[in-house]
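# Observations on the model geometry
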Amino acid sequence: MNPEFYLTLFSKQQPRRSHVIFALIKQQTTGSAEYWGLRYQLLDWFGLLPQLRKNEYKQALQQLQQNKDLEQIEPGLYLLTEKGDKVRMQYAQQHYLPQQNAARIQYQTGAFMPLFLQANQVVSEWSYHNRQYYPMQASLKQRQSLKQWFKNQDKTQLVPHWFNTLKAFLTTLPEATANSLAASWVGHETAGLNYDQMDLPKTWTEFDFYLWQLEQYTALLIYLEQHTTIEDPIVQLYAIVGKRMQFPTSLQTSFDAAKNGQTLVDIAHTRQLKLGTVQEHLLTAAIWLPLDQFPYEQYLTKDLKGTFAQKLTDPDIDAWRFKTVRETADIQEFFNFRLYAIWQTKREQGHA
Amino acid sequence: MLNQTDIQATLKQHFGFETFRPGQLEIIEALLRGDAALGMLPTGGGKSLIYQMMGYLRPGTVVIVTPLLSLMQDQVARFNYLGEKSVVALNSTMDAQEKFTILGHLNRYRFVFISPEMLNQANVLQAFQRIQINTFVIDEAHTLLSWGPDFRPDYLDLPRLHHLLGAPSLLLLTATATPAMQEDLKGRFDLGSAQWFTYTESSNRPNIYLHTEELTNQDDKRQRLQFLVHQIPGAGIVYVSSRKMANSLAEFLRQETGKRVAAYHGGLDNVARYRLQQQFMENQLDVIVATSAFGMGIDKDDIRFVIHYHLSQDLANYMQEIGRAGRDGQNAVAILLYIKGDERIQQHLIDASLPTDAMIEGYYAKVLTQRDIGEERARLLDYYGQQKLSVPAIQQLFAERRIVREADLNQMVKYAQSRSALRPKLLGYFGEKASSDFESIGMANWALTAVGLPAAPKEQPHVNQTDWSTILTKLFKLS
């Protein structure tokens, strides 16, 4: 990957913390990192590179700083320079940037993609009744899941069913996109093509091709959801991965209880959790949900909003500091402050 | 005790062969009678068949210590191809859960591939101590000596690990070990009452024509490479020293020779690597430009030329790399292109891997950290620190390693600069004698006809992108 890709995640106006961005793309977030992810409008990049190593990321940022594309304004806080912004725009023109990032997270496309590629090879070889071939590499877990899936298939229908679904899906794609996607598939006496052997922009790298593929497989998963049933072998294959649960069970339970009108103190008591944990659950829910799906009015009363509006006058929400509104040691105060910032952010960013 | 008829029957049943290649049966018989074996067989001489056979001839798990992740994965794919399913590669790409599951059921596997680093982990070793080990195999056993001291110290621990596993039946395999290396290797293992059986096949590959050229500058070398790649028919490999060079030369050769060329290196993801291997196997690619650090696990037996655009680390590695040519027994050619100063790349690699005296002193005095001296060097020094060696002793050890590696590199350079007798020089490194009647030196003496290459295989259609419905039809035999 070119280090310039990271410029996509920084801004010329808004100073951004490098560790927040790392935590987001690596999917190693805390409540605070997710809040800043919302502020930076980068939540859609969540979990894009789970394998990313800290050193690799640090070196890339160092290089961008050396190239005068990024400027460190205080330790860990960066701004795009004028030059960096131009490089960012140039990068966007020459490389692939995903369009359906949010859907990718929801559908867990990154986990489905290798599974599909291998299943596709298995079905292709099966259609030729060939058992002697070099299988594509896969983790043990993936191989076992695939074996189980294959065992459960009606072998008389598998090949036509698989073929017809793919055919129907490819028909929905632009011709060139469908051609490239199919060209990447491996199967019986078909080695498949690498990105640099296809009719794709010459400026692309392997990373661009990876992002491009994620997008196509996300489109496949959306297509399956809309046009097929559980009888479909690809749908059954996808069941091994499945959609991401929006929230962990514990968080969902706290949030459901809150929606049903229970106070945070009551929830903490009933669930034998710390109040701080329940507050964290609610803040995370607020960060990820659309404006109208979180009961802000239960917590942000008219009076509270009035007080905050009076005290938090800086138009830049990033500049708000808790100490400006802090009155006592009650932890509810921080919850209110953060929730108000989330609410204002969502309104400012035009979230539905 | 199994007799020869049983062994032959197993060979026929699992591999479909009637006869063994030289050395295979001798080594198998030695292992079956309880000897430890060191097999020095040339590249492509069928080393892996020996331990595969052991897996079928007696119970227990065959443990194969393998240096490279890519080789490990390719071996597993090859075993799968042959219909063997109870095989697994234990490596660093596995998550904790997966590793735990495999370690809990180790005895279910007939073959386990593992890196020395993984085997040296306490919980992994314990799991292997609980199972019956059929044979403990160290593949590419020369790496114990060439990588152990200054690159991968866990290799040095293999004799100790073998002992901790109860000294199971031991098999060392290599294609490139001098007689001194063979003795050194054997001396490191405690065999108890077992004896060593050594089988040595000549390293010579008489069907590979040797050729070297010394050129004056980079441009000339590039042009010469272009000419040779264009001229020599059949499949070929060009070895270079970096990924960047592999990519740029592949692009250059693609444009200038009209051949189908791809870069092949450790930076490729698994799927991309798989596609290139298959394309190469199916003659849809003519030339692979590869980094030497990256092994090519899948056997393609009709590679007709190997061209070194950069020097190898030493003659042992050079032999290993050119050994990929002509495995079908038909003639092939190994060409080395050299310009004065090329050795600087290898010299840099030596400098980059060995810690300096100041680094050694600073690291143990805790003045320097891993960050200052690099992860690899720190790991190496941690290892020697655990051996309770003094700082001067460790400095001495690395000074000696430098002398050995520089002397080995020097031999490589001498081969490149040689004005005569290429094969005697190459084989001399392995303590063998050879004549120099199938070789040439210098551009003026190069004649493709002298190589006597067989007719090139039928070229498969160019892999061009086509329309998706044609691809689907071909993939699933439906329309």
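This is a predicted model, so every value here is computed, not measured.

## Considering unusual backbone geometry
All names here are of chain A.
- Non-glycine residue Gln 41 carries a positive phi angle of around 55°.
- The topology assignment puts Gln 41 in the loop between helix H2 (31-39) and helix H3 (54-66).
- Note on Gln 41: relative accessible area 56%, which makes it exposed.
- The backbone of His 129 shows a phi angle near 50°, a positive value even though the residue is not glycine.
- If you trace the backbone, His 129 turns up in the loop between helix H6 (109-127) and helix H7 (140-151).

## Things to note about the UniProt feature "domain: Helicase Helix-turn-helix" (unreviewed entry) in chain A
- Under the UniProt annotation, "domain: Helicase Helix-turn-helix" (unreviewed entry) lies at residues 251-339 of chain A.
- Helix and strand shares over residues 251-339 of chain A are 56% and 0% respectively, and the end C-alpha atoms of the span are 16 Å apart.

## Considering the nonpolar core
- By size, the foremost hydrophobic cluster in this structure holds 125 residues, and its most contacted members are Phe 5, Tyr 6, Phe 112, Phe 116, Trp 162, Leu 170 and Trp 185 of chain A.
- No other element matches helix H10 (residues 206-227) of chain A, which puts 12 residues into this core.
- In this structure, Trp 162 of chain A is in contact with Phe 116, Ala 119, Asn 120, Val 123, Trp 149, Pro 233, Ile 234 and Leu 237 of chain A together with Phe 476 of chain B, ignoring residues within four places of it in sequence.
- Membership of the second largest hydrophobic core comes to 92 residues, among which are Leu 38, Ile 131, Tyr 155 and Phe 280 of chain B.

## Digging into a positive patch on the surface
- Together, Arg 131, Lys 147 and Lys 151 of chain A together with Lys 85 of chain B make up a region of like positive charge exposed at the surface.
- By secondary structure assignment, the location of Lys 147 of chain A is in helix H7.
- For Lys 147 of chain A, a relative accessible area of 61% gives the class exposed.

## Quick word on the domain arrangement of chain A
All names here are of chain A.
- Considered domain by domain, chain A is made up of domain 1 (3-94), domain 2 (106-238) and domain 3 (249-349).
- Relative placement of domain 1 and domain 3: their C-alpha centres are 27 Å apart.
- Across the contact, 11 residues belong to domain 1 and 14 residues belong to domain 3.
- Considering only the side of domain 1, the residues that lose the most area to domain 3 are Tyr 35, Leu 38 and Arg 39, jointly responsible for 51% of the buried surface there.
- Between Arg 39 and Glu 348 there is a salt bridge, with the nearest N and O atoms lying 3.6 Å from each other.
- At the boundary of domain 1 and domain 3, one finds 6 residue pairs in polar contact (both at pLDDT 80 or more).

## A few points about the domain arrangement of chain B
Residue and element names in this part refer to chain B.
- Here the domain parsing of chain B yields domain 1 (4-200), domain 2 (208-340 + 425-450) and domain 3 (344-409).
- Placing a centre on the C-alpha atoms of domain 2 and another on those of domain 3 gives a separation of 32 Å.
- Facing the 7 residues of domain 2 at the interface are 5 residues of domain 3.
- Around 540 Å² of area is buried between domain 2 and domain 3 when both sides are counted, 50% of it from carbon and sulfur atoms.
- The largest contributions to the domain 2 side of the interface with domain 3 come from Ser 241, Leu 311 and Gln 313, which together make up 57% of the buried area.
- Counting every contact that joins domain 2 to domain 3 gives 0 salt bridges.
- Applying the counting criterion to the domain 2 and domain 3 interface returns 2 residue pairs in polar contact (both at pLDDT 80 or more).

## As for empty space enclosed by the protein
- For the structure on display, the rule yields 5 cavities of 30 Å³ or more.
- As a volume, the largest cavity reaches approximately 70 Å³.
- Taken together, 11 residues line the largest cavity, and the ones lying closest to its centre are Gln 137 of chain A together with Asp 74, Arg 273, Tyr 274 and Gln 277 of chain B.
- The element that contributes the greatest number of residues to the lining of the largest cavity is helix H13 (residues 270-281) of chain B, accounting for 5 residues.

## Structural notes on the interface of chain A and chain B
- With 47 residues of chain A at the contact, the number on the chain B side is 41 residues.
- Per-residue buried area on chain A facing chain B is highest for Tyr 134, Gln 137 and Phe 163 of chain A; these three make up 20% of the total on that side.
- Linking chain A to chain B there are 0 salt bridges.
- Summed over the shared surface of chain A and chain B, the result is 18 residue pairs in polar contact (both at pLDDT 80 or more).
- Secondary structure elements with two or more residues in the side of chain A that touches chain B: H6, H7, helix H8 (155-172) and helix H9 (175-183) of chain A.
- In terms of residues, the side of chain A that touches chain B owes the most to one element, H8 of chain A, which gives 8 residues.
- A class-by-class count of the residues in the side of chain A that touches chain B yields 23 nonpolar, 17 polar and 7 charged.

## Notes on the packing of aromatic side chains
- A complete count under the given rule lists 47 aromatic pairs over all chains for this structure.
- In textbook terms, an aromatic cluster arises when at least three aromatic residues are bridged by ring pairs, as seen for Phe 112, Phe 116, Trp 126, Trp 149, Phe 150, Trp 162, Trp 185, Tyr 217 and Tyr 238 of chain A.
- Over the ring of Tyr 35 of chain A we find Arg 338 of chain A, and its NZ or CZ is 3.8 Å from the ring centre.
- The ring of Phe 280 of chain B carries Lys 300 of chain B above its face, with NZ or CZ at 5.2 Å from the centroid.

## Structural notes on the environment of Leu 191 of chain B
Residue and element names in this part refer to chain B.
- As for its placement among the helices and strands, Leu 191 is situated in the loop between helix H10 (179-188) and strand E7 (196-200).
- Taking the relative accessible area as the measure of exposure, Leu 191 reaches 15% and is therefore buried.
- Excluding residues within four positions of it along the chain, Leu 191 makes contact with Ala 36, Leu 170 and Trp 196.

## Examining the layout of surface pockets
Residue and element names in this part refer to chain A.
- Its volume calculated, the second largest pocket comes out at about 540 Å³.
- If you go around the second largest pocket, you meet 22 residues; those closest to its centre are Leu 43, Asp 44, Ala 102, Ile 105 and Trp 288.
- Counting residues per element, the ones that place at least two in the lining of the second largest pocket are helix H5 (101-107) and helix H14 (275-288).
- With 4 residues, H5 is the largest single contributor of residues to the lining of the second largest pocket.

## Observations regarding the environment of Gly 236 of chain B
Residue and element names in this part refer to chain B.
- Positionally, Gly 236 belongs in strand E9 (residues 235-240).
- Sequence separation of Gly 236 and Ala 334 is 98 residues, and the distance between their C-alpha atoms is 9.8 Å.
- Excluding residues within four positions of it along the chain, Gly 236 makes contact with Phe 280, Asp 286, Val 287, Ile 288, Ile 303 and Phe 305.

## Points about the pairing of E7 of chain B
Residues and elements named next belong to chain B.
- Residues Phe 197 and Tyr 199 point to one face of E7 and are all buried, whereas Trp 196, Thr 198 and Thr 200, pointing to the other face, are not buried.
- Examined bridge by bridge, strand E1 (residues 36-40) and E7 share 5 bridges and lie parallel to one another. Bridge assignment links Ala 36 to a residue of E7, and that residue is Trp 196.

## Side note on the packing of helix H11 (residues 218-231) of chain B against helix H12 (residues 243-257) of chain B
All names here are of chain B.
- At a closest axis distance of 10 Å, the pairing of H11 and H12 adopts a crossing angle of 55°. Classified by the interaxial angle, the pair formed by H11 and H12 is oblique. Where H11 crosses over H12, the handedness of that crossing is right-handed. On H12, the residues touching Arg 222, Gln 223, Leu 225, Gln 226, Val 229 and His 230 of H11 are Ser 248, Leu 249, Phe 252, Leu 253, Glu 256 and Thr 257.
- Residue classes in the contact of H11 with H12 are distributed as 5 nonpolar, 5 polar and 2 charged.

About the criteria used
Residues numbered from 1 in each chain as written. Chains lettered and ligands numbered in written order. Predicted model: local features only at pLDDT ≥ 70, side-chain atom pairs only at ≥ 80, totals over all residues. Heavy atoms only, no water. Helix = DSSP H or I, 4+ residues; strand = E, 2+ residues; numbered from the N terminus. Buried < 20%, exposed > 50% of the residue type's maximum accessible area, 1.4 Å probe, protein only. UniProt positions renumbered as here; feature names shortened; annotations may be inferred. Core = buried A, V, L, I, M, F, W, Y, C linked by side-chain atoms within 4.5 Å. Contact = heavy atoms within 4.5 Å. Patch = residues over 30% accessible without salt bridge, like charges linked within 9 Å, V, L, I, M, F, W, Y side chains within 5 Å. Areas by Shrake-Rupley, 256 points an atom, 1.4 Å probe, with all protein chains shown as cover. Salt bridge = Lys/Arg side-chain N within 4 Å of Asp/Glu carboxyl O. Lys, Arg positive; Asp, Glu negative; His and termini not counted. Charge placed at Lys NZ, Arg CZ, Asp CG, Glu CD. Domains from an automatic or database assignment. Buried area = accessible area lost by both parts, 1.4 Å probe. Polar contact = N/O pair within 3.5 Å; in protein donor to acceptor, adjacent residues only side chain to side chain. 1 Å grid on protein atoms, 1.4 Å probe; cavity = no way out; pocket = protein on both sides within 12 Å on 5 of 7 lines; lining within 4 Å. Points joined across faces, edges and corners; volume = space filled by probe spheres on them. Nonpolar A, V, L, I, M, F, W, Y, C, P; charged D, E, K, R; others polar. Phe/Tyr/Trp six-rings, centres within 6.5 Å; stacked < 30°, edge-to-face > 60°. Lys NZ or Arg CZ within 6 Å of the ring centre and 35° of its normal. Pairing = 2+ DSSP bridges. Axes fitted to C-alpha atoms, helices over the stretch in contact; angles between N-to-C directions. Parallel < 35°, antiparallel > 145°, perpendicular 65-115°, else oblique. Left-handed = near helix turned anticlockwise from the far one by under 90°.

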